Amino acid sequence: WVTGVFVVAFLVVSLLLLVGGSLALRRSAGRAFESEARFRATFEEAGVGIAHLDLDGNCLTVNDALADLLGTTPDALTGAGLDEFVPGDDAPIREDARRLIEEGELRAKTDLRMERTDGRAVWANLTITLVSDIRNRPRHFIAIVEDITERRQLADELAYQARHDPVTGLLNRRAFEERLLGAVRRSVRDELECALIYVDLDRFKTVNDSAGHDAGDELLRQMGPLMHACVRANDTVSRLGGDEFCLLLEGCPRDSVLGLAEKLRAAIHEYRFEWQGRSFSISASIGVVPFGGRGATIDQLSPELLVSAADAACYCAKDLGRDKVYVGELDDPALMQQRNQIASLDSLREALEESRFRIMLQPIVPVGEPLNAEATRFEALVRMARPDGELVPPAKFLPAAERYGLIRRIDLWVLRKVIAWLEAGGGADVAESVAVNLSAVSLHSDAFRDEVDALMAATRLPGERICFEITETEAISSLDDARAFIRRMRKRGCRFALDDFGSGFSSFGYLLTLPVQYVKIDGLFVRDVHENLAHEAIVRSVHQVARSMGKQTIAEFVESRPVLDKLAEIGVDFAQGHAIGRPMPMPSNGQPPARGN
């Protein structure tokens, strides 16, 4: 009887274990099937390329996204190595795989240029993960390939624009000075004879004033190929600004420099600029400064000195009657005298003493309002008046004012005049606010910050009627001073705008540390936003980031209705530019300025 009981119990327990094990196995198989199904769905439907690779780096399975990226089919990729799509002799994918196996790493990431089967290049972010079995033995790799072509192109575009003039496509001043510094070092090390050629167009203002800025820009664009055609293939042509160009000739004997400069002068003299049925004669004053060669030392040469000397030589050419070439050595007495005249600040000091500055107001309006709507926001733009009444644009005097410490007086003069005009005009119906630009040099000064604070404390105006504009690059160059000043003045109720945002291509992270209310998008990206996809993407990004931080955006250089319509589509808050209204003189009676179009 006991034996029978044990047998029955054993059979019952065995049956229960068999049933339980069967159920557990079934659930485990179900979970494995579901997991496999989810993985398969993810593998097939993923928006990025995925591939299983064997330990030699060859494809075992490939999803459709990766095949589409490389312009082929999954079947065609099976058995092939992804490194076959990487141009060049190196095999970065196999190298990453080797390092994962031999050095025990789990994952490797890299950006690489790949080539589709149709020959078109794509940029990809490649992540390779090593998969091992339960005994930690390598089994295979999982490769994830993300298409970053658009991101890479945008980065390349930003890098290009940081070094090139937006109108002509030539190197800008900063990039040219970097190249000039390298040339100076090589000229001393290798005793190379080099030269700078400084070109100033004599009749550019005539074209600009009579035919408009579009004609002036087109003339500048056409000058680039013309100058390149007159010099050697390895010579550098750059636009420093305005109608001024500078050419760097490396390894050019001095007896050949004058011939090249004369060839350039003659080509510009003979050139006829055609615009809308009109023909313009062009000429140029050219200054040449040789440097380097035997006996030259690095202490004697600097990019700033050379550009200044070439500029002075160009002025000497103008003094000879324009359309001339002047060649001067660095120790040329006439050149040194001209440089002293250029550096002279007498006219700037006299303008300050005689208050010969003028304020122009340019309207800033909400995007979406009718173009003829009355503006209540303005930016104050300063001009210097010559004794004969001719207005000098800021680019002609502000750099010198900043260099020699006069900019603080100009900034304070503008602020006082704006406050006085707002006080004379009564209520906010004249101008809700006026933006006043501040220089980084001014922000560095404790005395200047104290004077601004005193001015705002003394006025009866609400602080929000003054908006201080600080350019992105200036704010970053004096970040602590800018941040402290902004906090100080915001206690007075003043507003702040970060001007020319994007021109320095700095991190958006600076927006987190600068408590500004407005972000002014650099006009470089705005002026053709309706037809340049890269610029549209930048404007959208700046607007979206600014909005996410609770800041409003202002687009400057709005020159046409299509640009304004595109900005409205993007959602930009305010617009400023000739399509809205040109800068007009600030009235002396507190009345709104005339709307100039």
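These numbers were taken from a predicted model, which means no experiment stands behind them.

(A) Region of interest: the pattern of salt bridges. Enumeration over the complete set of coordinates arrives at 35 salt bridges. The salt bridge involving Arg409 is made with Glu353; its shortest N-O contact spans 3.2 Å. Separated by 56 residues along the polypeptide, Arg409 in helix H14 (residues 407-424) and Glu353 in helix H12 (residues 346-353) bring together distant segments of the chain.

(B) Local environment of H14. Here H14 spans 26 Å end to end across 18 residues, near enough to the 26 Å set by a 1.5 Å rise per residue. All buried positions along H14 are accounted for by Ile407, Ile410, Asp411, Leu412, Trp413, Val414, Leu415, Val418, Ile419, Trp421 and Leu422.

(C) Structural view of the environment of Leu412. The residue Leu412 is located in helix H14 in this model. By relative accessible area, which is 6% here, Leu412 ends up buried. Sequence-wise, Leu412 and Arg449 are 37 residues apart; in three dimensions their C-alpha atoms are separated by 10.0 Å. In contact with Leu412, not counting residues within four places along its chain, are Phe448, Glu451, Val452 and Leu455.

(D) Local environment of the sheet that holds strand E1 (residues 49-53). The strand order E2-E1-E5-E4-E3 describes an open sheet built from 5 strands, whose pairing is antiparallel. The two strands at the open ends of the sheet, each matched to only one other strand, are strand E2 (59-62) and strand E3 (107-115). Mean inter-strand twist for the sheet, computed between neighbouring axes without regard to direction, equals 25°. Two elements, E3 and strand E4 (residues 121-132), share 9 bridges in a ladder whose sense is antiparallel. Note on E4: the bridge partner recorded for Thr110 is Leu126.

(E) View of empty space enclosed by the protein. This model, assessed by the stated rule, comprises 1 cavity of 30 Å³ or more. Counted as a void, the largest cavity has a volume near 80 Å³. Lining the largest cavity are Ile364, Arg377, Phe378, Ser433, Val434, Ala435, Cys467, Glu469, Tyr518, Ile554 and Phe574. Residue assignment for the lining of the largest cavity shows that the elements contributing at least two residues are strand E14 (377-385), strand E16 (433-437) and strand E17 (466-471). Here the lining of the largest cavity takes 3 residues from E16, the largest share from any one element. For the lining of the largest cavity, a count of residues per class yields 8 nonpolar, 1 polar and 2 charged.

(F) Representation of the packing of aromatic side chains in the model. Applying the stated criterion across every chain, the model contains 9 aromatic pairs. Cation over ring: Arg152 sits above Trp123, and NZ or CZ is 3.7 Å from the ring centre.

(G) Focus on the environment of Asp331. Note on placement: Asp331 falls in the loop between strand E12 (325-327) and helix H11 (333-343). Distance in space between the C-alpha atoms of Asp331 and Ala309 is 9.5 Å, their sequence separation being 22 residues.

Analysis parameters
Residues numbered from 1 in each chain as written. Predicted model: local features only at pLDDT ≥ 70, side-chain atom pairs only at ≥ 80, totals over all residues. Heavy atoms only, no water. Salt bridge = Lys/Arg side-chain N within 4 Å of Asp/Glu carboxyl O. Helix = DSSP H or I, 4+ residues; strand = E, 2+ residues; numbered from the N terminus. Expected span 1.5 Å × (residues − 1). Buried < 20%, exposed > 50% of the residue type's maximum accessible area, 1.4 Å probe, protein only. Contact = heavy atoms within 4.5 Å. Pairing = 2+ DSSP bridges. Axes fitted to C-alpha atoms, helices over the stretch in contact; angles between N-to-C directions. 1 Å grid on protein atoms, 1.4 Å probe; cavity = no way out; pocket = protein on both sides within 12 Å on 5 of 7 lines; lining within 4 Å. Points joined across faces, edges and corners; volume = space filled by probe spheres on them. Nonpolar A, V, L, I, M, F, W, Y, C, P; charged D, E, K, R; others polar. Phe/Tyr/Trp six-rings, centres within 6.5 Å; stacked < 30°, edge-to-face > 60°. Lys NZ or Arg CZ within 6 Å of the ring centre and 35° of its normal.

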